Amino acid sequence: MTKDMTKGSPWKLILFFSMPVLLGNLFQQLYSMVDTVIVGRFVGTQALAAVGSTGAISFLVLGFSWGVTGGFTVIVSQKFGAKNEEDVKKSIGTAIVLCLIIVAIVTVLALLTSKPLLKLMNTPQDIFDDAYLYCIIIYIGTGASVFYNLAAAIIRALGDSRTPLYFLIFSSVLNIILDLFLILVFKMGVAGAGIATVFSQLVSAILCTIYSLKKFKILRLKKRHFAWNKALAAAELKVGIPMACQFSITGVGIMVLQGALNVFGSTVIASYTAASKVEVLVTQPFNALGMAMSTYCGQNVGAGDWHRVKKGVNTGMGLIMASAALAMVINIFAGEWCTSLFINNPTPEILGYGRTYLLIIAFFYPMLATLTIYRSSLQGLGDGLFPLIGGIGEFMARFLVAIILPRFIGFYGICAASPVAWCTASGILVYRYVTWVCKGKINNTITGK
């Protein structure tokens, strides 16, 4: 059911909203994790490196699409907080139309640029063909990913974080079955992993949409709700495009980092890929709390209660710092064991690289946590510009470190890139929050003074 987050205890609302999101994120990560485990153990280290080397350019495209859907539904959340049901429906209809246009453009561009980008990133020749094939399959499925994320984001904007979870669980199980079937029975290698991921997302998108239309009356749109609304489209693009660009800029930074990493060869790539999966897994609570803050801030800014916004942000910071502490402990004491789960018969060299990466980034998780809360909160408040500026700062920091430091300190330079990027972006976003929200300037934005 929908949830009004403008009333009640902020910490309870944020915590209980984030728990289903966390479970959903964990199951969503199963898509890529199962690919990694099955490909690494049953196809080989080179195939694992091929899948891992595509992560950066996949994020460049899919991240843009996710940012767009998240930005569009900020407006849905604000209209819901303002108790304006007709405008909620109009904003959803506008978001669907905009996504159709964006999916068509992004998919074509992604397919045309995938091979040149893989070459630009110095993808090793022994894994190039598999990496390219995996990219093409994932890009063909861009629409499935976008429309599942749009459906899930709309439902979360209405305060329901449970419904998307149910379909992710189903989709994750389906993905596992298809992975095993296509790779072990049909011997399709990385292509089988890609097809399983895309098909699972497509099924999840369709089922989530059908179920939601039956469950939520507010989502039953009429033809008039799809009519072009210039004001709503401008409002959604104002938030959605900067969020999308922020994701893509981060993706470009990761591409630069991947290009610097690729110089070290497939063994190091495989190790980094496995360790990165561990990082993604232990930081999922960050993403869940970030989504909770976006919805919470969106609804409360729509209701015009900026004092409650500040209280919620402080609560979110407390919860995410506890999560950061737990993630640090896992990295330090269980990181090597977790890395070994993704590779069949890992060598001491592979485990050593993975352990080094996880130990270094562990101590910077509090900065990543800070970045997540303030970025999500500002986006929920309708500020797309400063999260974008933060993304540019993050990109520049990651770019400079990845280009310069590996020449002097080798793999340690790769490990330093993300921590420096997190510190840079979090500084920008904290500055914006303090000068805009804490000093009361947001009050004028809300009330229209």
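Residues numbered from 1 in each chain as written. Predicted model: local features only at pLDDT ≥ 70, side-chain atom pairs only at ≥ 80, totals over all residues. Heavy atoms only, no water.

**Here we look at the overall build of the chain**
Within the chain one finds 18 helices and 0 strands. For the chain, the share of sequence-separated contacts (at least 6 apart) that also reach a separation of at least 24 residues comes to 85%. Accessible surface for the chain amounts to roughly 17,800 Å². Of this, 69% is attributable to carbon and sulfur atoms. (Helix = DSSP H or I, 4+ residues; strand = E, 2+ residues; numbered from the N terminus. Contact = heavy atoms within 4.5 Å. Areas by Shrake-Rupley, 256 points an atom, 1.4 Å probe, with all protein chains shown as cover.)

**So, the packing of aromatic side chains**
The final tally for this structure, using the stated rule, is 8 aromatic pairs. Here Phe181 and Phe186 contribute two aromatic rings whose centre-to-centre distance is 5.1 Å and whose plane-to-plane angle is 65°, an arrangement assigned as edge-to-face. Geometrically, the ring pair formed by Tyr353 and Phe411 is edge-to-face, given 5.0 Å between the ring centres and 75° between the ring planes. With a gap of 58 residues between them, Tyr353 in helix α13 (residues 348-362) and Phe411 in helix α17 (residues 411-438) connect regions that are remote in the sequence. The exposure class assigned to Phe411 is buried, which follows from its relative accessible area of 8%. One aromatic cluster in this structure is built from Phe286, Tyr365 and Trp422. Over the ring of Trp436 we find Arg432, and its NZ or CZ is 4.4 Å from the ring centre. (Phe/Tyr/Trp six-rings, centres within 6.5 Å; stacked < 30°, edge-to-face > 60°. Buried < 20%, exposed > 50% of the residue type's maximum accessible area, 1.4 Å probe, protein only. Lys NZ or Arg CZ within 6 Å of the ring centre and 35° of its normal.)

**A word on the side chain of His225**
Residue placement: His225 occurs in the loop between α8 (189-215) and α9 (230-262). A distance of 3.1 Å separates polar atoms of two side chains, one belonging to His225 and the other to Glu86. A distance of 2.9 Å separates the side chain of His225 from the backbone nitrogen of Lys222, its partner in a polar contact. Once residues lying within four places of it in the same chain are set aside, the contact partners of His225 are Glu86, Lys89, Lys90, Gly93 and Thr94. (Polar contact = N/O pair within 3.5 Å; in protein donor to acceptor, adjacent residues only side chain to side chain.)

**Overview of the confidence of the model for the chain**
Low-pLDDT stretches of the model should not have their predicted coordinates read in fine detail. With 95% of its residues at a pLDDT of 70 or more, the chain shows a mean pLDDT of 88. Low pLDDT (under 50) marks residues 444-449, which in the prediction has 6 contacts with non-local residues, meaning those over four places away or in another chain. (pLDDT = per-residue confidence, 0-100.)

**Brief notes about α9**
The terminal C-alpha atoms of α9, which comprises 33 residues, lie 45 Å apart, in line with the 48 Å expected from a rise of 1.5 Å per residue. The largest bend in α9 is about 30°, located at Leu237. Where α9 begins, the capping side chain belongs to Asn229, and its oxygen is found 3.2 Å from the backbone nitrogen of Ala231. (Expected span 1.5 Å × (residues − 1). Bend = angle between axes of the 7 residues up to and from the residue.)

**Some remarks on the nonpolar core**
Membership of the largest hydrophobic core comes to 113 residues, with the highest contact counts inside it found for Ile57, Leu219, Val313, Tyr357, Tyr365 and Phe411. When sequence neighbours within four positions are dropped, the list of residues in contact with Leu219 reads Ile92, Ile154, Ile155, Leu158, Ser212 and Leu213. The next biggest cluster of nonpolar side chains, apart from the first, holds 13 residues, and it includes Val39, Tyr134, Ile138 and Ala191. (Core = buried A, V, L, I, M, F, W, Y, C linked by side-chain atoms within 4.5 Å.)

**Observations regarding the environment of Tyr431**
Turning to its location among the elements, Tyr431 is positioned in helix α17. Taking the C-alpha atoms as reference points, Tyr431 and Tyr374, separated by 57 residues in sequence, lie 9.7 Å from one another.

**Observations regarding the pattern of salt bridges**
Side chains bearing opposite charge may pair, as long as their charged atoms lie close to each other. Applying the stated criterion across every chain, the model contains 9 salt bridges. A salt bridge links Arg224 to Glu86, with the shortest nitrogen-to-oxygen separation between them at 3.2 Å. You can see Arg224 sitting in the loop between α8 and α9 and its partner Glu86 sitting in helix α4 (residues 85-120), a full 138 residues away along the chain. We note a salt bridge from Arg432 to Asp383, for which the minimum N-O separation is 2.8 Å. (Salt bridge = Lys/Arg side-chain N within 4 Å of Asp/Glu carboxyl O.)

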